[in-house]
Amino acid sequence: MNDDSSPEAALRKRLYWHSRRGMWELDLLLIPFLEQRYGDLDEHDQAAYRDLITEEDQDLFAWLMRREWPEDPTRRRIVQLIVEHAETTDNDHYRNL
């Protein structure tokens, strides 16, 4: 995160704030995805991420831990992107979140 005051930087800071859930398991999935992949997503997937982080922690936990999948195809897609990112990326430096 930098001190840029552009609208994009303000949005990124807001997304970062809302992605910090206070549940370590969710933080380990959402924060790295936001920092490493969000900027490369198309507008549709970015909107899906912004919508996803408005969900309740227990729903996010169930989806991101692959205990169940969202019924909505758009939500399912963004959850799968997050899970795939977590499974294919070394995120050891996030362990101290």
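Residues numbered from 1 in each chain as written. Predicted model: local features only at pLDDT ≥ 70, side-chain atom pairs only at ≥ 80, totals over all residues. Heavy atoms only, no water.

### Describing the packing of aromatic side chains
Within this structure, the stated rule accounts for two aromatic pairs. A network of ring pairs unites the aromatic residues F33, Y38 and Y49 as a single cluster. (Phe/Tyr/Trp six-rings, centres within 6.5 Å; stacked < 30°, edge-to-face > 60°.)

### Quick look at the nonpolar core
Among the nonpolar cores identified, the biggest contains 21 residues, and Y49, L64, I78 and I82 are the most heavily contacted of them. If you list the elements that add at least two residues to this core, you get α2 (24-36), α3 (43-52), α4 (57-64) and α5 (73-88). (Core = buried A, V, L, I, M, F, W, Y, C linked by side-chain atoms within 4.5 Å. Buried < 20%, exposed > 50% of the residue type's maximum accessible area, 1.4 Å probe, protein only. Helix = DSSP H or I, 4+ residues; strand = E, 2+ residues; numbered from the N terminus.)

### Description of α3
Three or more residues of α3 are buried, namely D45, Q46, A48, Y49 and L52. Down the axis of α3, the sector holding all buried residues measures 160 degrees, keeping them to one side. Buried residues along α3 sit against α1 (7-19), α2, α4 and α5. In this structure D42 caps α3, since a side-chain oxygen of it lies 3.1 Å from the backbone nitrogen of H44. (Arc of directions from axis to C-beta. Contact = heavy atoms within 4.5 Å. Polar contact = N/O pair within 3.5 Å; in protein donor to acceptor, adjacent residues only side chain to side chain.)

### Examining the side chain of R75
Within the secondary structure, R75 is located in helix α5. By relative accessible area, R75 is classed as buried at 14%.

### Examining the environment of Q36
Position of Q36 among the secondary structure elements: in helix α2. Q36 sits in the partly exposed class, given a relative accessible area of 30%. Taking C-alpha positions, Q36 is 9.7 Å from T89, a pair spaced 53 residues apart along the chain. Among the polar contacts made by the side chain of Q36, one reaches the side chain of H85 at a distance of 2.9 Å.

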